[in-house]
Amino acid sequence: MTSPSPDPALVPELLVDDLDTSLAFWVDLCGFTVAYDRPEERFAYVVLGSAHVMLEQAGVGRKWVTGPLERPYGRGINLQVSVPDSDAIAADLRSASIPLFLEPETKWYRVDAAREAGVRQFLVTDPDGYLIRFQSSVGHRQV
C-alpha cells in the first residue's frame, strides 16, 4: 500500500458490486495503487498520481444510497484521469480483452479566446459501468 498524495479537494466514492473485481480493473489494469483499505467494510482507497478514488462494495458498509442502484452505475458522469501515457493504459486494457467505450483519439479543446489544450484520450467503463476518461496532455496551441 502507498501513501496518498496530498489531500485532493474532491474524491469520488464509487459503489461497486464486487470490490475484488473492481480492484482487478482499477489496480491491475489501469495502474492505480491501494493507498489503504478496510477489508471488513469491503472498501479501498486507490490513487494514481494525484487522482484519488474510493471504492466501496454496495451493501456492506454505510448505506449512503439516494435511490435504487441500477446498472450501469454512474450514468451521466465520466471521471477524467490525467496520466502520462493514456495509450499505454489503453493497450493494457485491450490486451486484457476489455472493450473501450471510445478508441484513443487526439482532441483539442478551447480554453480561452486564443488557445486550445490538446489531449490524447480514450474512454472505458469499469466493471460496474462507471465511465472513465484517461487523458494525456499534448500541449497547447494558438487558435
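Residues numbered from 1 in each chain as written. Predicted model: local features only at pLDDT ≥ 70, side-chain atom pairs only at ≥ 80, totals over all residues. Heavy atoms only, no water.

Peer 1: Explanation requested: the sheet that holds strand β8 (residues 131-142) in the structure shown.
Peer 2: Within a sheet, neighbouring strands are paired by backbone hydrogen bonds and run either parallel or antiparallel to one another. Sheet architecture is open: four strands sit in the order β5-β8-β7-β6, paired in mixed fashion. Strands at the two margins of the open sheet, each flanked by one partner only, are β5 (78-82) and β6 (102-110). Across the sheet, the mean angle separating the axes of adjacent strands is 30° when strand polarity is ignored. Relative to strand β7 (residues 115-125), helix α2 (residues 86-95) is tilted by about 15°, and along the sheet it contacts β6, β7 and β8. (Pairing = 2+ DSSP bridges. Helix = DSSP H or I, 4+ residues; strand = E, 2+ residues; numbered from the N terminus. Axes fitted to C-alpha atoms, helices over the stretch in contact; angles between N-to-C directions. Contact = heavy atoms within 4.5 Å.)

Peer 1: Would you mind showing me how to read the pattern of salt bridges here?
Peer 2: Pairing between side chains of opposite charge can happen when the charged atoms of each approach one another. Per the stated rule, a full pass over the model turns up nine salt bridges. A salt bridge links Arg-38 to Glu-41; its shortest N-O distance comes to 3.1 Å. Classification of Glu-41 as partly exposed rests on a relative accessible area of 32%. For Arg-115, the salt bridge goes to Asp-112, with nearest N and O atoms at 3.2 Å. Judged by its relative accessible area of 32%, Arg-115 falls in the partly exposed class. When salt bridges with common partners are traced through the structure, they connect Asp-17, Arg-71 and Asp-128 into a single cluster. (Salt bridge = Lys/Arg side-chain N within 4 Å of Asp/Glu carboxyl O. Buried < 20%, exposed > 50% of the residue type's maximum accessible area, 1.4 Å probe, protein only.)

Peer 1: In this structure, what is going on with the pairing of β5? I would like to understand it.
Peer 2: Look at any regular strand and the pattern is simple: side chains alternate between the two faces of the sheet. Covered by surrounding structure in β5 are Leu-79 and Val-81 only, the residues Asn-78, Gln-80 and Ser-82 on the alternate face being uncovered. In this structure, β5 lies alongside β8, joined through five bridges in parallel fashion. Its bridge partner being in β8, Leu-79 is matched across the sheet by Ile-132.

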